Amino acid sequence: MQSFNDEREGALWKEGAEKTHQESMRADCCEFRRSAMGVRGLQGFVASVCPDACQTVDLREMAEKHRIDHPDSPPVIVVDAMSCVRRWYTPESWVCGGQWREYLAILEDFINAFMAAGIKLVFYFDGVVEEKKRDEWIKRRMKNTQEIARLFQFVKTHRKQPGREMFVLPSALPTFTRYALKSLGQKTVCTLQEADFEVAAYGLQHNCIGILGQDSDYLIYNTCPYFSIENLRLDKLVTVMYSREVLCRVLGISLTHLPLFACLLGNDIVPESMLEGFWHKCLTTSPRRNNSYNRRTNILLSVANYISKIPCSYSSLKHLEEILPLGSDKTLLCRGVNSYLLPGQQSPWIPPNVTNCQMLSLQQQSALCQDKEIFQLAKEQHIQSENYLVFNILSHGETECSNSLEDDYDTEIPGQALIYRPARQHIYSLLLESGKGGNRPLVKEWFVYFGNPLKQPDLVQPVQPSVTGGTPNLKTLWFAKGPDVEKQRYRTFLACFNLQGEMEELQALEAPVAGFCCLLAYLMMQVSSLSLEDLNAFLALILCLKGKSAAQLTSLQLAQVDSRAVHLGAVLIRGLTTLLLANSACGFPFRMDDLMPWAVFDGKLFQEKYQQSHRSCSVEELLEGNESLYTPFQNLKSLICKVCKTKNRTIQSRPRGNGFNTGREQRDFNPRLQQPHRSHFVSPYHNQMRGFTQRHLQSQGRESGHPHRRRYPLPPQ
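Summary of the structure given here. This structure is a prediction, so every number in the text was calculated from the model and none was measured.

When helices and strands are tallied, the protein shows 31 helices and eleven strands. Among the 717 residues that make up the protein, the fraction classed as buried is 58%. In the protein, the proportion of contacts linking residues at least 24 apart, taken out of those at least 6 apart, comes to 75%.

Laid out in structure tokens, this is it:
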């Protein structure tokens, strides 16, 4: 067995760690780009060093072979949807908030291509962010924030959408993709843990012909074949299949070695920082080092060479745990290898009595909701993609929201995380009314907004909504039947948005329009900078959208793009996810399909209506000359204005014309977010003055002539 026990090798280890750190800081541009998932560099290694492992396959032929070999079971491909979303979104316009009807048509074409070949698809989505991945999640969010800031500066400078090299997914695209696929009749699964494990397990247990995705972890799991979404030719159903066997042959190891190989390269459990000295030792002793390869490629080859020479046993793994600087947790390697074992699998690296706890981990947690009937229904609906975030809140009282296309330099529009927080507080109160000890626990929110460093979650206090006749409990909302209960559900839903007094008028509207008006009324009440022109644009959007096909919306051309409209589009889309959460909590007074963006929103159409409205175009032009829309437009406008007036909010006219905000010349007008529940928000764990101090100093910086410092409304404390 190779050993690092003597003093010389110990010194070499230390020197190697320092040298590796220096090299990593100046790594050349040829090094593989860090993969969003899986083992860093492995996917690129396979493509460049193991071309024989990249085998072009015809999925139709594979499906036909499966039918011959297994006449009683149809060919199935399990799809890692989260690694496919970026590939699926191909509409030309993406910055304006999403071309949702066009996107829906693209997804339908994707499904139909496989159906024509007799292939069934099963789609998996990440249902949680596991604690072990929180740090990586935060890093990505911070990186996304910088990318979005550059994007907005481009839009303000050039008044158009940037090229695809700056592409950012439309806000909430993965969330709505889940419901889009479900609405198209597909089996859609929302996971209880990291999706790659459940995808690999499903593929193995159901004898699938393959996994479709782009995650190098599928090269590590001993499961069905792994197909590339990046290389898929949909018209021919041809793609690349990555061969684990060929990869192992090139590396000089066996399939059994792959989990340990992944751990010794660094993964979600074993940090790369702990392995730098080990890599240097492998590089200096490996006969396979090749100067024509970049450093990461040589690390992969050298690590493979090292483990190929050690006995495949638990004692070998224990020896590695002893010599690696794993800190206080000497079981990291064991847990890392174990994480790749699917149900029913064993490994010589792991003692047979060590149970794979991947599928048991969630059940072992102490859930906030102690009512088994409620908890079980929430869990079932979560897995089947029927509810939204409810199970995450009931199980461990934690939720997160990724980046949105929001302009941090726009001081007039607060972050969507803060805009919708009062509504979420009401929803949390509904969900957690049966919490332990009769008290409503605080909810941990990992939401991205300006000034939030994400060093810890915000702790948010549930606030009981004001429901006429009293707030019903979850048992009533979820299980009771009858017309009175249906009214209770609707009334409670409206109460989450402080709209309980408008129930009769809203119920008279078509369901998608009613849901949209709930959201719009809430937005107009919460954000006092929104004007009559903004209201007119939103109402013209919902009315004109109804008669337009995906093809018509695709052909719509914009002369320019307004950055504020981009921001408002993203805020509205995030509002739709808040409607989904409220609808799920209240027992579904609306069909989920009625709250989807393709029913109420189109990015380019909103840009057009926004620009027309702020140029003071006539109502006739705004409504495209359709006289049948004039009365509905005035009625909806009157309803929204009446609701706002009852809350002492007067919507004023404030046309902006063609004056685009450059991000360097802020307007003096700087209203604050109206927060009806300010006193109920609990500050984060530490530094309770974080938001105030930061924004106050930045505001002073801007006023004293520092153009790059930003002001922002104070969040509720």
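Once that is clear, we can look at the nonpolar core. If you look at the biggest cluster of nonpolar residues, it comprises 140 residues, and the most contacted ones within it are I77, W88, F114, L431 and W478. Apart from residues no more than four positions distant in its own chain, W478 is found in contact with I374, L377, A378, V390, L394, L431, R489, S584, A585 and G587. Core analysis: the second largest hydrophobic core is formed by 68 residues, V46, V78, A201 and Y218 among them.

Attention now goes to the sheet that holds strand β2 (residues 76–80). The strand order β1-β7-β6-β5-β2-β3-β4 describes an open sheet built from seven strands, whose pairing is mixed. Each of the sheet's edge strands pairs with one partner strand only, and the pair in question is β1 (54–58) and β4 (187–190). The sheet shows a mean angle of 30° between the axes of neighbouring strands, taken without regard to direction. For strand β3 (residues 120–125) and β4, the ladder comprises four bridges, and the chain directions are parallel. Bridge pairing in β4 links Y124 to V189.

Under the defined criterion, the tally for this structure stands at 29 salt bridges. For E130, the salt bridge is made with K132, and the minimal N-O distance between the two is 3.5 Å. You can call K132 partly exposed: its relative accessible area is 37%. Between E445 and R424 there is a salt bridge; the shortest N-O distance is 2.7 Å. Of the two residues, E445 is situated in strand β9 (residues 443–447) and R424 in helix α19 (residues 421–431); the sequence distance between them amounts to 21 residues. In this pair, the class of E445 matches that of R424, namely buried. Salt bridges linked by common partners bring R421, R424, E445 and D458 together as one network.

When two helices pack together, you describe them by how their axes are tilted relative to each other and by the distance separating the axes. Where helix α10 (residues 258–265) contacts helix α12 (residues 295–308), the axes come no closer than 10 Å and their chain directions differ by 135°. By the criterion of interaxial angle, the relationship of α10 to α12 is oblique. Between α10 and α12 lies a crossing of right-handed hand. Where α10 approaches α12, its residues L260, F261, L264 and L265 are matched on the opposing element by R296, I299, L300, V303, A304 and I307. Residue composition of the contact of α10 with α12, by class: nine nonpolar, no polar and one charged.

To continue, consider the pairing of β2. Within β2, five of the five residues are buried, which leaves the element mostly enclosed by the surrounding structure. Of the two faces of β2, the one holding V76, V78 and D80 and the one holding I77 and V79 are both buried throughout. Taken together, the five bridges between β2 and β3 define a ladder with parallel strand orientation. Residue pairing for β3: I77 is matched across the bridge by L121.

A word on the packing of helix α7 (residues 173–183) against helix α26 (residues 563–585). Where α7 contacts α26, the axes come no closer than 10 Å and their chain directions differ by 55°. In terms of orientation, α7 lies oblique with respect to α26. α26 is crossed by α7, and the crossing has left-handed handedness. Of the residues in α26, those in contact with T175, F176 and Y179 of α7 are I573, L576, T577 and L580.

Looking now at the side chain of D196. Take D196: it is sitting in helix α8 (residues 195–205). The buried charged residue D196 lacks any salt bridge partner; its closest oppositely charged side chain belongs to K133, at an N-O distance of 4.7 Å. Discounting residues that sit within four places of it in the chain, D196 has contacts with D215, D217, Y218 and Y221.

Glancing now at the side chain of R564. Take R564: it is sitting in helix α26. Given a relative accessible area of 5%, R564 falls into the buried group. If near-sequence neighbours (up to four positions away) are discounted, R564 is found in contact with D410, E412, I413, S529, L530, D534, Y610, H614 and R656.

Every buried residue of helix α2 (residues 42–49) is listed here: L42, Q43, F45, V46 and V49. Taken down its axis, α2 places every buried residue within 165° of arc, on the same side. The inward-facing, buried residues of α2 contact β1, β6 (226–228), β7 (238–242), α9 (244–251), α10 and α12.

All right, on to the environment of R233 then. Positionally, R233 belongs in the loop between β6 and β7. In this structure, the C-alpha to C-alpha distance between R233 and D58, residues 175 residues apart in sequence, is 9.7 Å.

The next point concerns the packing of aromatic side chains. Within this structure, the stated rule accounts for 25 aromatic pairs. The rings of Y89, W94, W100, Y103, F167 and F176 are connected pair by pair, giving a single aromatic cluster. R164 extends its terminal NZ or CZ atom over the ring of F167, reaching a point 3.9 Å from the ring centre. We note R296 situated over the ring of W279; from NZ or CZ to the ring centre the distance is 5.1 Å.

Conventions used here
- Residues numbered from 1 in each chain as written.
- Predicted model: local features only at pLDDT ≥ 70, side-chain atom pairs only at ≥ 80, totals over all residues.
- Heavy atoms only, no water.
- Helix = DSSP H or I, 4+ residues; strand = E, 2+ residues; numbered from the N terminus.
- Buried < 20%, exposed > 50% of the residue type's maximum accessible area, 1.4 Å probe, protein only.
- Contact = heavy atoms within 4.5 Å.
- Core = buried A, V, L, I, M, F, W, Y, C linked by side-chain atoms within 4.5 Å.
- Pairing = 2+ DSSP bridges.
- Axes fitted to C-alpha atoms, helices over the stretch in contact; angles between N-to-C directions.
- Salt bridge = Lys/Arg side-chain N within 4 Å of Asp/Glu carboxyl O.
- Parallel < 35°, antiparallel > 145°, perpendicular 65-115°, else oblique.
- Left-handed = near helix turned anticlockwise from the far one by under 90°.
- Nonpolar A, V, L, I, M, F, W, Y, C, P; charged D, E, K, R; others polar.
- Lys, Arg positive; Asp, Glu negative; His and termini not counted.
- Arc of directions from axis to C-beta.
- Phe/Tyr/Trp six-rings, centres within 6.5 Å; stacked < 30°, edge-to-face > 60°.
- Lys NZ or Arg CZ within 6 Å of the ring centre and 35° of its normal.

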